[in-house]
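The residues making up each chain are set out below.
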Amino acid sequence: MSEGTMQRRAQRAKRLHRVLVGAAAVPAMLIAAGCSSDSGSGDGEDKAGGGPASASASASASPSPTVRAAVYKDLPEACDVLSKKTLEDLVPKAKSGKESQSDDISTRAGCSWDSLANKGVDGSQFRWLSVSMLRFESDTARGAGDELAKEYYGKRVEEVRAAEGAEDAKSEPVADTGDEATAVRYDLKKKEGTFKQQTVVARVENVVLTLDYNGAGLAGDKAPNADDLMKDAKKAAREAVGAVTGTGGGKDSGADSGSGSPSKPASSSAPAKD
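None of these values were measured; they are calculated from a predicted model.

Student: Break down the sheet that holds strand β2 (residues 108-118) for me, with residues and values.
Tutor: The sheet built from seven strands is open, its strands ordered β1-β2-β3-β7-β6-β5-β4 with antiparallel pairing. The sheet is open, and its two borders are formed by β1 (98-99) and β4 (167-173), each paired with just one other strand. Against the sheet, helix α4 (residues 145-161) contacts β3 (124-135), β4, β5 (180-190), β6 (193-204) and β7 (207-218), and its axis sits at roughly 165° relative to β6. Contacts between helix α5 (residues 226-245) and the sheet are confined to β3, β4, β5, β6 and β7, with β6 contributing the most and set at about 30° to the helix.

Student: Give me the state of the cysteines: which residues, what numbers.
Tutor: This model, assessed by the stated rule, comprises one disulfide. The disulfide that involves Cys79 links it to Cys111, with 2.1 Å between the sulfurs. Torsion about the S-S bond of the Cys79 and Cys111 cystine: about 95°, corresponding to right-handed handedness. Here Cys79 is found in the loop between α2 (52-60) and α3 (84-90), whereas its partner Cys111 is found in strand β2, with 32 residues between them in sequence. Residue Cys79 is classed as partly exposed on the basis of its relative accessible area, which comes to 23%.

Student: How would you summarise the environment of Asp212 if you had to cite specific residues and measurements?
Tutor: Note on placement: Asp212 falls in strand β7. In this view, Asp212 contacts Trp128, Leu129, Ser130, Gln197, Gln198 and Thr199; residues no more than four positions away in its chain are not counted. A polar contact of 2.6 Å, which involves the side chain of Asp212, links it to the side chain of Thr199.

Cut-offs applied
Residues numbered from 1 in each chain as written. Predicted model: local features only at pLDDT ≥ 70, side-chain atom pairs only at ≥ 80, totals over all residues. Heavy atoms only, no water. Pairing = 2+ DSSP bridges. Helix = DSSP H or I, 4+ residues; strand = E, 2+ residues; numbered from the N terminus. Contact = heavy atoms within 4.5 Å. Axes fitted to C-alpha atoms, helices over the stretch in contact; angles between N-to-C directions. Disulfide = S-S within 2.5 Å. Buried < 20%, exposed > 50% of the residue type's maximum accessible area, 1.4 Å probe, protein only. Polar contact = N/O pair within 3.5 Å; in protein donor to acceptor, adjacent residues only side chain to side chain.

Given below as structure tokens:
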């Protein structure tokens, strides 16, 4: 065999080797591309919200806390919760009521009246009447409005019983006046004379009402009868509660004033309780 023939065979063998090496590399590239494509498809499924990670996150979300709504959304006009006749009986010759200062009258409101019947040398009779109302709104952090009002009602009764200077304090429950009511009476001695103090604290759903009524005989006149004052105070408190619920009382003398704004339907005869 000649030297030229041997060289040509060697060159053909080199070309054949390069072809075989290139052909072996193609399947490896296809396998790598296929793995990359599968991985991308899985990621897209999770991102679209269909993967297990999304379902787990949804299941772990907790519901928002809720609390039952307060029944009464505002308060009546404080100086209108008592009828003209009631005011004439309790504070005769009293001028228009003095409204209490409040940043929000839908939450806190009050009004007061005073009267002095001068009898000349026989002395005079003094009367003072006050109505204050406090409304509690439901709050997810603090609780339902009626529960907050109930808690405040208990504290308010204790405050009245422990009033500074109170002598011979006595208390008793009051029927037919809101959801619960307590009357407290005591004597309060001042330089002008002895004042007969009567206080009725009442709660109706999420509103707490305090009615104060006191009287004194001044300049030598005798002190008023405490039992009569308490009877009048209970009647006035019942009337004021009716103004809150919109079932009666107020300056229209027993007509349905509608000044309270319950969240229940108007056709309901009593506030619905959850």
